[in-house]
Amino acid sequence: MKKNLSVITMSLVAALMLSACSEGTAGAGKTEVDDVIKIVWYPNESGTDMKSSREEIGRVITEATGKDVEHQLTTDYAIAIETLVNNNADLAFMGAQGYIEAKEGNEVIKPLVVPTGASGTLDDAMYHSWLAVNVDDQENFKMDDEFSLDTIEGKKMSFVSNSSTSGFVVPASTIIGHYAEKSGFEDLSQEDLMEGGTLFSQVLFGNSHQGSAVNLLSGTAEVAAFCDTCVENYVEVVEGDTNKVGSVYKVKEDAAEPFNTVTGSEFTLMGVTPVLNAPFVANTDVLGQEDYDLLQELFTSDDIANNEKIFVPKDSGESGLFFKSDQERFSLVEDAWFDPIRELSN
């Protein structure tokens, strides 16, 4: 994905100033270890409903390091990635693809920790990439009573960002793999899926998983890619089981922005694909090795695993960045763990 990153780089100086909002200031310029730890967040985690999670993570970091924490909120994946790459942030929480792009841009970037699955290990450290359609339109996406990717040709498609693992890279790989053996699509590429005219009539980017889902539910798109964990605060299963093709989800009546404009709307899943969990990553030049080691110890501790403001009890009804239903916690992870996603983006 180096090509994609280079294309957007020229516009980022202006974009960093105009598009990033923060509880600090994104892209504020920092080239050496100091007494402030800056965390840059993707748009998915920059909403007000995630504020309590962000603040609690900041609080425990301050308590452990004695340093102030600034939260840099963004409206664009590229801004978050470049902020970390260009030494303007210490930490980021980003998908596997974002980490891979950041690592390509600056070799000092390393994974800090990754949330585990319910087993408390990396064996089930995964979430799910969805392809969804509106309930009322679902029959248009079936062949012989089964959902089929053959039906998405010529449709209006919404992705999240071309730097999104579950909102672009994984579904794009699935779509390309399906169409590779079809006449006229043998050379279909990720670039072809970024704009209308080849497979889709139109392609939109929601800039967040929430935004992509709203593109679908508002009728702007006919098919949308987004992930389960980024919308679980806003929707509930009303038919079928979680993460099963054919299951129906409904937007909660009290859903926060941006779903407050589509409350009560329903969608169904036509595709579900497991994806490696998203890591916290660090720019080790800016953070420093001492704090990197300290934060790895902190994040993987039992205290953090049992902190209900960070791992919110699944049945609490509260919003959160991470949820706990069993043994979920943070785990150390090696760079090679992300190789399956690297292979998809090559």
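Structure's up top.
In this text, all values refer to a predicted model and were calculated from it rather than measured experimentally.

S.K.: Describe the overall build of the protein, naming the residues involved and giving the relevant values.
M.R.: Tallying secondary structure elements over the protein gives 13 helices and 18 strands in all. For the protein, the C-alpha radius of gyration of 20 Å lies close to 20 Å, the compact-globule estimate for 346 residues. Viewed in the frame of its principal axes, the protein has a C-alpha envelope of about 60 × 45 × 35 Å. A total of 346 residues make up the protein; the buried ones form 55% of that total.

S.K.: So, unusual backbone geometry: which residues are in play, and what are the values?
M.R.: Following glutamate 257, the chain continues into proline 258 via a peptide bond in cis, with omega recorded as 0°. Note on placement: proline 258 falls in the loop between strand E13 (248-251) and strand E14 (266-276). Here the phi dihedral of aspartate 144 falls at roughly 55°; this positive angle occurs in a residue that is not glycine. With respect to the helices and strands, the residue aspartate 144 is situated in the loop between strand E7 (142-143) and strand E8 (146-147).

S.K.: Tell me about the environment of lysine 110, and please be specific about residues and values.
M.R.: Locating lysine 110 in the fold gives a position in strand E5 (residues 109-115). With 136 residues separating them along the chain, lysine 110 and glycine 246 place their C-alpha atoms 38 Å apart. Apart from the residues lying within four places of it in its own chain, the contact partners of lysine 110 are Tyr99, Lys103, Val281, Ala282, Thr284, Gln289 and Tyr292.

S.K.: Any details on the packing of aromatic side chains? Residues and values, ideally.
M.R.: Pairs of aromatic rings are described using the distance from one ring centre to the other and the angle between the two planes. Summed over all chains, the structure comprises 25 aromatic pairs. Ring geometry for tryptophan 130 and phenylalanine 226: centres 5.8 Å apart, planes at 75°, overall edge-to-face. Placement of tryptophan 130 in strand E6 (residues 126-134) and of phenylalanine 226 in strand E11 (residues 223-227) is noted, with a sequence separation of 96 residues between them. Across the pair, phenylalanine 226 and tryptophan 130 agree in class, each one buried. Centroid distance phenylalanine 280 to phenylalanine 322: 6.1 Å. Interplanar angle 50°. Geometry classified as tilted. Residue phenylalanine 280 is found in strand E15 (residues 280-283), and its partner phenylalanine 322 is found in strand E17 (residues 322-324); the two are separated by 42 residues along the sequence. Pair check on accessibility: phenylalanine 280 and phenylalanine 322 agree, each one buried. Among the aromatic residues, those joined into a cluster by ring pairs are Trp41, Phe93, Phe280, Phe299, Phe311, Phe322 and Phe330. Stacked on the ring of phenylalanine 323, the Lys or Arg lysine 314 has its end atom at 5.3 Å from the ring centre.

S.K.: Lay out the sheet that holds strand E9 (residues 156-159) with the relevant residues and their values.
M.R.: Judged by pairing direction, the sheet is mixed, and its 7 strands sit side by side in the order E10-E9-E11-E6-E14-E13-E12 without closing on themselves. The open sheet has two edge strands, strand E10 (202-205) and strand E12 (235-239), and neither has a second partner. Between one strand axis and the next, the sheet turns by 35° as a mean value, whatever way the strands run. Where E12 and E13 come together, 4 bridges link them in antiparallel fashion. Across the sheet, residue valine 235 finds its bridge partner in E13, namely valine 251. The strands touched by helix H6 (residues 165-179) are E6, E9, E10, E11 and E14; relative to E6, the strand with the most contacts, the crossing angle is about 75°.

S.K.: Describe in detail helix H8 (residues 209-217), supporting the description with residues and values.
M.R.: Summarising burial for H8: 9 of the 9 residues are buried, a large majority. Three or more residues of H8 are buried, namely His209, Gln210, Gly211, Ser212, Ala213, Val214, Asn215, Leu216 and Leu217. Backbone geometry just after H8 places glycine 219 at a positive phi near 90°.

S.K.: Before we move on, could you go through the layout of surface pockets and cite the residues and values that matter?
M.R.: Estimated volume of the second largest pocket: approximately 320 Å³. If you trace the second largest pocket, you find 18 residues lining it, with Pro43, Ser46, Gly47, Ser208 and Pro258 closest to the centre.

Analysis parameters
- Residues numbered from 1 in each chain as written.
- Predicted model: local features only at pLDDT ≥ 70, side-chain atom pairs only at ≥ 80, totals over all residues.
- Heavy atoms only, no water.
- Helix = DSSP H or I, 4+ residues; strand = E, 2+ residues; numbered from the N terminus.
- Rg over C-alpha atoms; globule rule 2.2 N^0.38 Å.
- Buried < 20%, exposed > 50% of the residue type's maximum accessible area, 1.4 Å probe, protein only.
- Contact = heavy atoms within 4.5 Å.
- Phe/Tyr/Trp six-rings, centres within 6.5 Å; stacked < 30°, edge-to-face > 60°.
- Lys NZ or Arg CZ within 6 Å of the ring centre and 35° of its normal.
- Pairing = 2+ DSSP bridges.
- Axes fitted to C-alpha atoms, helices over the stretch in contact; angles between N-to-C directions.
- 1 Å grid on protein atoms, 1.4 Å probe; cavity = no way out; pocket = protein on both sides within 12 Å on 5 of 7 lines; lining within 4 Å.
- Points joined across faces, edges and corners; volume = space filled by probe spheres on them.

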